[in-house]
Amino acid sequence: MGVVNRAFRNISRRKIRALLVIIALGFSLAILVSIPAGIVANQNATQSLTGNLSNAISQSEANLNSTITQTEATINQSLKEIDCSLTPTAPSGFGFTRGSGSGSSGGNGFTGSFGGGNFTPGQFSGGFGGGFTAGQFGSGAFGGGSGSPMNETYYADISNITGVAAVAPVLQVTEGHNVTVAAPFGGFTFNRTEPDYIIEGIQLTSDLISNYHILPTNITTGSNLQAGESGVVLLSENNSAYFGVSVGGTVTILGQNFQVIGIHGTSSVSDVQTLYMNLSDAQALTNNTDYITTLHVFADNAADVSAVASALSSLHPELDVTTSQTRLEQLQNLKSTYQTMLNSTQTNYETQVQAAQTTMNQTNSQAFEEIIVLVAATSLIVLFVMLYTVRERTKEIGTLKAIGFSNGAVMSQFMLEGVLLSVLAGIVAIVIGSVAAPFLTSVLLPHVSSAVNLFGTSSRIIIAGGNPAIDTATSTATVAVSLSPELMLIAFGSAIFLGAIGSLYPAWRAARTRPAEAMRYE
Amino acid sequence: MSETVLKVENVSKNYALGKRGVKALSNLNLEVKKGEFIAIMGPSGSGKTTLLNVLGCIDKPTSGKVLLDNIDVANMPESQLYKIRRNKIGFVFQSFNLLPYLNARENVELPMENIGKSKTERNARAKELLAMVGLLGREEHLPQRLSQGEQQRVAIARALANDPAIVLADEPTGNLDIKNKQEIVKLLANLNLKEGTTIIMVTHDGHVAAHTERILFLGDGKINKEKEGMHLAKKNICPFCKGKLQPIDETCPSCGKTVRFKKKASPEKDKGETSSDKQ
């Protein structure tokens, strides 16, 4: 008849009471170990959030820098280029019609990318996701509505300007479909044109092709357009997928068949959806005979660019003339805008990290208080129950002492009983904790829930509608609250410890019971 | 039979009860020989229970000596006293005081814990003792499954577990009906007779006391009177025909009369008194 066995039997004498006590203790122990679990999970989540955002910021910074570097390089390469277009009458709007594209808010679906890669002169402004109002950088902005179409023949005199080496007329038309978009508030909806593909007609002369960058350089399959070719088209990979054709096949565009001569790889955002064809083909196809959207004017040498530009402006004041010099300035402005945005994002990020740290500290101190309360509660439950048990069993204890039990034997008997109660509660606590830890911690600790959303700002920068803005998307991380094996051990350990603490005084009281209590008649 | 097992010298016990002290025992002397069967009687408040507690080392006298096996236990600290209680004394209580969640055998094994006996030894000893008190085959019964008489037998077996020098019985028959009372008295008498167990029994019941060897009458904390009990079985003489008796006979083989529980020379005191005053 071991002491442990006796303790077990004593506990099972009052089954309901023991059960209730064990459940109560189990809950309090479950909460006790759920709190550290919650804190650990919270810390992990915060860490991963912080890390993610930090990475995102460095990534953005790197992207920005590389974009700026590449753009600068492109500009330097095309210092001789001057772009002309008509100032658009409606720089931003929804939808456009074939042949008369107005400035659209391009860049849909391309947020966060600064493009990069090969800039062909005509695509320069599109390199920024079309985010800038058309015309700002001259023609060629993605969305096709980069300027009002202008009569080609009207500008035939441009090539006679002194210092002009070549003129490359371009017609760019976007084909798309209307989509209905719900406004983010108020339940309004509006129609918007989602671009499907962009037709870019280029004058295919051997001089322009060989001496000026007017065609994509990144051909993945097939071959590039050749001088004088007609009835053929150079598709982007995106177009190829959209039309479902590959090199050598025939594609029907606006009712006319073209042979696919090649596929160009995407080198920047601007030409993801751009297909290239002969200018006259494009004009005929889109009913824009003699009309173009952009004129690329190339000076004889870089030094003449500003002279040519001013001559151009005086000859055709209605034209929006953009030189590389202007672009460089714009780029500088853009760069500083980006830098400001990045800085504010960085600052915002630091503020958020600090706030998160503060929250963590608060959580820790709150958790500490809660743990103190729970430790006290747990040992008090054991204390009261065991005190009650000792009082109730005074006669029995007296008998044990009368028949020769030592104080130590009695004391260890009751200590063991208290510890056994709390060990059983420890098992209950592990069961409860494994199931309910996430819930318990979300109730007990600030900012611990199944998913935390610590940051209202991510570091992604998007340029939409011409206004650089910081994306308000949030970074989230999942707080996975679970009892680790270590915490289960801790649950057990604290059960034993708190059980021992709680039953210390009752057991001492029991040990001090006078043997004469055995004689008491009830 | 002449070896002194317990000697009480000038023992006094005062209780502080309110402002007035109560003298429960005053200069009490008592000598008990090995193998004696003694009854202590007396009215309520005469100090019976106090005396038993002092003898059983669960209460300390205010003054005097209590020599148990020539060891003065009166001034022994609790750290050693529990060993005396465990090894030298067996307690039998009025309400049996069995642990309700332990079966008969486990209850008997209790005092044998912590004395270096193996589990099998304890087990065997417990079974032997239970057989001795007539509970063979009932070892694994919980107290609630036993009659009151049987429960008291278990308690007696438990008292005998460590071969104590004396068995102290505090009104062992006080809670029993007449039939069980007879059983228990017979059992104690037979134990005394066959095993030579020294028994000191507090009782209110003259019938019960009559079957001991010596009856001590307590009054005002002193032994007022001492009388020889019948303990017929010990004398093996029929009080009616003076014929020879067998030790366990209840009726005389010669005259056929009941020789136990039949008061022949009854003590003068305590007639008709019941055992209700301690409640």
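Everything below is about the structure printed above this text.
The following refers to the structure shown. Keep in mind it's a predicted model, so treat the numbers as computed, not measured. (Residues numbered from 1 in each chain as written. Chains lettered and ligands numbered in written order. Predicted model: local features only at pLDDT ≥ 70, side-chain atom pairs only at ≥ 80, totals over all residues. Heavy atoms only, no water.)

Scanning chain B from N- to C-terminus turns up 8 helices and 10 strands. In chain B, of all internal contacts separated by at least 6 residues, the share reaching a separation of at least 24 is 67%. Carbon and sulfur atoms make up 47% of the accessible area of chain B, which totals about 11,900 Å². (Helix = DSSP H or I, 4+ residues; strand = E, 2+ residues; numbered from the N terminus. Contact = heavy atoms within 4.5 Å. Areas by Shrake-Rupley, 256 points an atom, 1.4 Å probe, with all protein chains shown as cover.)

This part is about helix α6 (residues 178–195) of chain B. Residues and elements named next belong to chain B. For α6, built from 18 residues, the straight-helix expectation of 26 Å at 1.5 Å per residue is met to within 8% by its first-to-last C-alpha distance of 25 Å. Of all the residues in α6, the buried ones are N180, K181, I184, V185, L187, L188, A189, N190, L191 and N192. Taken from the residues just after α6, G196 is the one with a positive phi, measuring 70 degrees. (Expected span 1.5 Å × (residues − 1). Buried < 20%, exposed > 50% of the residue type's maximum accessible area, 1.4 Å probe, protein only.)

Residues and elements named next belong to chain B. Bridge count between strand β1 (residues 4–17) and strand β4 (residues 63–68): 5 bridges; the pairing is antiparallel. Pairing of S12 across the sheet is with S63, part of β4. Relative to strand β5 (residues 71–72), β4 is paired through 2 bridges, and the arrangement is antiparallel. If you follow L68 over to β5, its bridge partner there is I71. Hairpin geometry of β4 and β5 is characterised by an intervening segment of 2 residues between the two adjacent antiparallel strands and by a positive phi of about 50 degrees at D69. (Pairing = 2+ DSSP bridges.)

Time to look at the interface of chain B and chain A. Counting residues at the interface gives 27 residues for chain B and 23 residues for chain A. On the chain B side of the interface with chain A, the three residues burying the most area are B:I58, B:Y101 and B:E113, jointly 24% of the side's total. On the surface where chain B and chain A come into contact, there are 3 salt bridges. Between the two partners, chain B and chain A, sit 10 residue pairs in polar contact (both at pLDDT 80 or more). Ranked by residues supplied to the side of chain B that touches chain A, first place goes to helix α2 (residues 78–88) of chain B with 4 residues. A class-by-class count of the residues in the side of chain B that touches chain A yields 10 nonpolar, 6 polar and 11 charged. (Buried area = accessible area lost by both parts, 1.4 Å probe. Salt bridge = Lys/Arg side-chain N within 4 Å of Asp/Glu carboxyl O. Polar contact = N/O pair within 3.5 Å; in protein donor to acceptor, adjacent residues only side chain to side chain. Nonpolar A, V, L, I, M, F, W, Y, C, P; charged D, E, K, R; others polar.)

It is worth spelling out the pattern of salt bridges at this point. Overall, the coordinates contain 23 salt bridges over all chains when judged by the stated rule. For A:R13, the salt bridge is made with A:E396, and the minimal N-O distance between the two is 3.1 Å. Note that A:R13 is positioned in helix α1 (residues 3–13) and A:E396 in helix α8 (residues 394–402), a separation of 383 residues in sequence. Classification of A:R13 as partly exposed rests on a relative accessible area of 27%. Residue A:E396 is classed as buried on the basis of its relative accessible area, which comes to 10%. B:R125 is the salt-bridge partner of B:D163, the closest N and O atoms lying 3.2 Å from each other. Placement of B:D163 in the loop between α5 (148–159) and β7 (166–170) and of B:R125 in helix α4 (residues 119–132) is noted, with a sequence separation of 38 residues between them. Residue B:R125 is classed as buried on the basis of its relative accessible area of 13%.

Let us look at the side chain of B:S46. With respect to the helices and strands, B:S46 occurs in the loop between β3 (37–41) and α1 (48–55). In contact with B:S46, not counting residues within four places along its chain, are B:A24, B:L218, B:G219, B:D220 and B:G221.

Residue and element names in this part refer to chain B. Read across the open sheet, the 6 strands follow the order β6-β7-β8-β3-β9-β10; overall the sheet is mixed. The outermost strands of the open sheet, each flanked by one partner alone, are β6 (89–92) and β10 (222–228). Strand-to-strand twist of the sheet, defined as the mean angle between neighbouring strand axes without regard to direction, takes the value 20 degrees. (Axes fitted to C-alpha atoms, helices over the stretch in contact; angles between N-to-C directions.)

Okay, the environment of A:F439 next. Residue and element names in this part refer to chain A. Looking at the secondary structure, you find F439 in helix α9 (residues 407–444). What makes F439 exposed here is its relative accessible area of 56%. Along the chain, F439 and I31 lie 408 residues apart, while their C-alpha atoms are 10.0 Å from each other.

Residues and elements named next belong to chain A. Among the surface-exposed residues, L19, I23 and F27 lie close enough to one another that they form a single nonpolar patch of about 270 Å² accessible area. With respect to the helices and strands, L19 occurs in helix α2 (residues 15–77). Classification of L19 as exposed rests on a relative accessible area of 51%. (Patch = residues over 30% accessible without salt bridge, like charges linked within 9 Å, V, L, I, M, F, W, Y side chains within 5 Å.)

Spatial relationships are all this shows, so hold off on functional conclusions.
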